[in-house]
Amino acid sequence: MGASFHMSLPCLSVKGTENFYVDNIGASLGRKTQSWVDINLFGNQITFIKAEKFSFNSPNYVFEGKILPSFHFGVIIDLKDWEQIYARLKDQKLDLVTQARFLEDKAGEHVSFFIKDPNDYMLEFKSFKNASDIFKK
């Protein structure tokens, strides 16, 4: 399909959010003002807008015996990028969650990990063994 996505989310601190995504994750900075910032996450535009305290009361779910957050977003990247990002974040001693392999030896086999951003969003990084299996049933 070749299209990028755009998502807009509330944030508690524009500067803290910018620092996390640019300095920790390695994303690049787009346009910004005092009240919002655009983050380029692998060619996808995420706009974070300063807001009051908010809450997403979403339960977790279980997939292949692992407890995963039901509310999350993420990117699908190749394994080399996935390994580099995972190593960089682990070296920074950030709290990485649920690094695991899912659907082993099945269509859709992938590795995945989550990290919480400063706004309590769970960000997932995932890499499929076969990119053609992303939507395979």
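Caption draft 1: Just the packing of aromatic side chains, in detail. Applying the stated criterion across every chain yields a total of 9 aromatic pairs. Between F20 and Y21, the ring centres sit 5.1 Å apart and the planes meet at 85°, which makes this aromatic pair edge-to-face. The same class applies to F20 and to Y21, which are both buried. Between the aromatic rings of W82 and F113, the centroid separation amounts to 5.5 Å while the plane-to-plane angle is 65°, which identifies the pairing as edge-to-face. Residue W82 is located in helix α2 (residues 79-91), and its partner F113 is located in strand β9 (residues 110-116); the two are separated by 31 residues in the primary sequence. Judged by relative accessible area, F113 falls into the buried class, the value being 0%.

Caption draft 2: Layout of unusual backbone geometry. Here the phi dihedral of F42 falls at roughly 55°; this positive angle occurs in a residue that is not glycine. Relative accessible area serves as the criterion here: at 42%, F42 is assigned to the partly exposed category. At K93, a position not held by glycine, the phi torsion is positive, near 60°. Its place among the elements puts K93 in the loop between α2 and β8 (96-102). The exposure class of K93 is exposed, given its relative accessible area of 74%.

Caption draft 3: Broad picture of the pattern of salt bridges. In this structure the tally under the stated criterion is 6 salt bridges. In this structure, E109 and K129 form a salt bridge, with 3.8 Å as the shortest nitrogen-oxygen distance. Of this pair, E109 sits in the loop between β8 and β9 while K129 is found in the segment after β10 (122-128), placing the two residues 20 residues apart along the sequence. Take K129: its relative accessible area is 55%, and that puts it in the exposed class.

Criteria and thresholds
Residue positions are counted from 1 within each chain, in the order its sequence is given. Local features in this predicted model are restricted to residues of pLDDT 70 or higher, and side-chain atom pairs are both shown and tallied only at a pLDDT of 80 or more, whereas totals for entire chains, interfaces and linings draw on every residue. To get the side-chain values, take all heavy atoms of the structure and skip hydrogens and water. Whether two aromatic rings pair depends on their centres lying within 6.5 Å, for rings of Phe, Tyr and Trp, where Trp uses its six-membered ring; planes under 30 degrees apart make the pair stacked, over 60 edge-to-face, and the rest tilted. Burial here depends on accessible area, computed with a 1.4 Å probe over protein chains only, as a share of the maximum for the residue type. Under 20% is buried, over 50% is exposed, and the range in between is partly exposed. To qualify as a helix, a DSSP run of H or I must reach at least 4 residues; to qualify as a strand, a run of E must reach at least 2; elements of each kind are numbered from the N terminus. The term salt bridge refers to a pairing of a side-chain nitrogen on Lys or Arg with a carboxyl oxygen on Asp or Glu at a separation within 4 Å.

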